[in-house]
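Chain residues, written in single-letter form:
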Amino acid sequence: MNIYRVGGAVRDELLGLPVQDRDYVVVGATPEQMLAQGYRPVGKDFPVFLHPQTQEEYALARTERKTAPGYKGFVFHTDSAVTLEQDLARRDLTINAIAKGDDGVLVDPFHGQDDIRARVFRHVSDAFVEDPVRILRLARFAARFPAFTVAPETNALMQTMVRDGEVDALVPERVWQELARGMQEQRPSRMFDVLRACGALARILPELEALWGVPQPAKYHPEIDTGVHVMMVLDYAASCDYSLGVRFAALMHDLGKGTTPAELWPSHHGHEGRSVELVEAICVRLKVPNDCRDLAIITAREHGNVGRAFELRPATIINLLARCDGFRKPERFHDMLRASECDRRGRTGFESVAFPQLDYLMGALQAAQGINAGAIAAQHQAQPARIPEAILTARTEAVAAYVATASAVAR
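Counting of residues starts from 1 at the beginning of each chain's written sequence and follows it residue by residue. Local features in this predicted model are restricted to residues of pLDDT 70 or higher, and side-chain atom pairs are both shown and tallied only at a pLDDT of 80 or more, whereas totals for entire chains, interfaces and linings draw on every residue. The side-chain numbers reported here are obtained from all heavy atoms of the structure, hydrogens and water having been left aside.

**Student:** So what's going on with the pairing of strand 2 (residues 23–27)? Residues and values would help.
**Tutor:** Both faces of the sheet carry side chains from a regular strand, because those side chains alternate between them. Only protein chains enter the accessibility calculation, which uses a 1.4 Å probe. A residue is then buried if its area is under 20% of the maximum for its type, exposed if over 50%, and partly exposed in between. Strands are runs of DSSP state E lasting at least 2 residues, helices are runs of H or I lasting at least 4, and numbering of each runs from the N terminus. Among the 5 residues of strand 2, 4 are classified as buried, and the element is accordingly described as predominantly covered. By the convention used here, strands pair only if DSSP detects at least 2 bridges between them. Direction of pairing for strand 1 (residues 2–6) relative to strand 2: antiparallel, over a ladder of 5 bridges. Residue pairing for strand 2: Asn2 is matched across the bridge by Val27. The sheet contact formed by strand 2 and strand 5 (residues 57–60) spans 4 bridges and is parallel. Within strand 5, the residue paired with Tyr24 across the bridge is Tyr58.

And the structure:
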């Protein structure tokens, strides 16, 4: 029985990066031998075991055979006779098909070290086409390792997979899982670059694909192209280390511009409402978690109002706070403002521009929250139906007093 460290742990070590998770492959062993040594089985489709002390994963060397469409259509074969090279041959990319023995010797039958040095993503074999999740994984790796490029032959293979309908077999949960992980990497725009280059984005998120080639007014958007703008917004959110919810909201905020009739370009009047409809449809289709969905919706709907914050009357600000449920969920309101800040700074030449609207509107929320609702309710015990109106009036007056002093300072 021989044990090798494999996959991402070896790759990241060779890249000089911190190693997070370590996976191992066991060659020349049977499930019975693993159990006899105290390993605990956890694999459903093929034998994977947890080490009795470290709880790290150890998988028996295996081969696989495609039997049906999609990423679940595989039959796995494990046997003590399966070699390390056979196991590595079923992996996706050459940089992930390197093993390291206990003696420190690297086993690299597919020249993954060369591709690491060249910063290239290259498929191990044509078996890559059998698993559509590999397209998403490669795109996610591009977001994590933005200096890497996709080998032309690998991109051609992915284009074939898209044409053959393999991407259409992906289940929504897995699509969201991979997209969410990619959005949380250092340069998430690279993920979408890769998906666009092979045609997968048009199948997975056609609403997003539609943004490229749609112009915006150069005065406000020197980058002009809406797709380019959205990628800049997303990358800015990543540079601030904002949450997944903020990053997803940044990605979704301008979808309505893709439905503007060409004869109206570069104006996009009313795109906010159209964006909301598209965001809602995507979130249903991909089964996006509620917190990400809700933040993306209010950002798509309100980011224009946030940009015009200093033009809003106190009563209008109160309405904005109420629509966003800011009194009950102030942190989500703050995240919406962060996403709107990313929208402003995700433009060519605007990267460092001031965005006082964030502090200004948070100050308005705090002013409105500062009223004593309990005391107001007590004053109207005899006429309880008037309590909501009295609280609204008090909040509006508090925001008006705040605006009178804060707007000039904030600008």
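**Student:** Give me the sheet that holds strand 3 (residues 40–41): which residues, what numbers.
**Tutor:** Strand order in the open sheet made by the 7 strands is 3-4-5-2-1-8-9, with mixed pairing throughout. Sheet topology places strand 3 and strand 9 (106–107) at the edges, where each strand pairs with a single neighbour.

**Student:** With reference to specific residues and values, describe the pattern of salt bridges.
**Tutor:** Salt bridge, as applied in this entry: a Lys or Arg side-chain nitrogen positioned within 4 Å of an Asp or Glu carboxyl oxygen. Within the structure shown, the criterion is met by 28 salt bridges. Across the salt bridge formed by Arg90 and Asp87, the nearest N and O atoms sit 3.5 Å from each other. Look at Arg90 and you get buried, because its relative accessible area is 12%. Assessed through its relative accessible area of 0%, Asp87 is described here as buried. Ionic pairing is found between Arg137 and Asp92, a salt bridge with its closest N-O pair at 2.8 Å. Here Arg137 is found in helix 5 (residues 133–144), whereas its partner Asp92 is found in the loop between helix 3 (84–89) and strand 8 (99–101), with 45 residues between them in sequence. On the accessibility criterion, Arg137 (24% relative accessible area) is partly exposed. Sharing partners across several salt bridges, the network here consists of Arg5, Glu13 and Lys100.

**Student:** With reference to specific residues and values, describe the environment of His123.
**Tutor:** Within the element layout of this structure, His123 appears in the loop between strand 10 (120–121) and helix 5. A relative accessible area of 12% means that His123 is categorised as buried. Spatially, the C-alpha atom of His123 lies 16 Å from that of Leu195, the residues being 72 residues apart in sequence. Not counting chain neighbours up to four residues away, the residues in contact with His123 comprise Asp92, Leu93, Thr94, Phe128, Glu153, Thr154 and Leu157. Here Thr154 takes part through its side chain, which lies 2.7 Å from a polar atom of the side chain of His123. In this analysis, two residues are considered to be in contact whenever any of their non-hydrogen atoms come within 4.5 Å of each other. Any pair of N or O atoms that falls within 3.5 Å is considered a polar contact. Within protein, one atom must be able to donate a hydrogen and the other to accept it, and sequence-neighbouring residues count only if both atoms are side-chain atoms.

**Student:** With reference to specific residues and values, describe helix 5.
**Tutor:** Expected span of a helix: the number of residues minus one, times 1.5 Å. With 12 residues, helix 5 should reach 16 Å at 1.5 Å per residue; the first-to-last C-alpha distance of 17 Å fits that figure. Judged by how many residues are buried, helix 5 sits mostly within the fold: 10 of 12 residues are covered. All buried positions along helix 5 are accounted for by Val133, Arg134, Ile135, Leu136, Leu138, Ala139, Arg140, Phe141, Ala142 and Ala143.

**Student:** How would you sum up the pairing of strand 5? Please name residues and give values.
**Tutor:** For strand 4 (residues 48–50) and strand 5, the ladder comprises 3 bridges, and the chain directions are antiparallel. Bridge assignment links Val48 to a residue of strand 5, and that residue is Ala59.

**Student:** Describe the packing of aromatic side chains, with residues and values.
**Tutor:** Think of it this way: a Phe, Tyr or Trp ring, Trp meaning its six-membered ring, pairs with another when their centres are within 6.5 Å, and the plane angle makes it stacked under 30 degrees, edge-to-face over 60, tilted otherwise. The full count for this structure, using the stated rule, is 8 aromatic pairs. A connected cluster of aromatic rings, assembled from ring pairs, spans Phe121, Phe141, Phe145 and Phe148. Note that Arg347 overlies the ring of Phe350, its terminal NZ or CZ placed 6.0 Å from the centroid. Consider the ring centre and the ring normal. A charge sits over the ring if Lys NZ or Arg CZ is within 6 Å of that centre and within 35 degrees of that normal.

**Student:** Lay out the nonpolar core with the relevant residues and their values.
**Tutor:** Ranked by internal contacts, the top residues of the largest apolar core, which has 95 residues, are Phe192, Leu195, Leu208, Phe248, Leu251 and Phe333. In terms of residue count, the dominant contributor to this core is helix 5 (8 residues). Apart from residues no more than four positions distant in its own chain, Phe192 is found in contact with Leu179, Met183, Leu201, Leu205, Leu208, Met231, Leu234 and Leu251. The criterion is simple. A nonpolar core is a set of buried Ala, Val, Leu, Ile, Met, Phe, Trp, Tyr and Cys residues joined through side-chain atoms within 4.5 Å. Val6, Ala97, Ala99 and Val107 belong to the second largest nonpolar core, which has 12 residues in total.

**Student:** An account of helix 12 (residues 244–252) is needed here, citing residue identities and associated values.
**Tutor:** Within helix 12, 9 of the 9 residues are buried, leaving the element largely enclosed by the surrounding structure. Restricting attention to buried positions, one finds in helix 12 the residues Leu244, Gly245, Val246, Arg247, Phe248, Ala249, Ala250, Leu251 and Met252.

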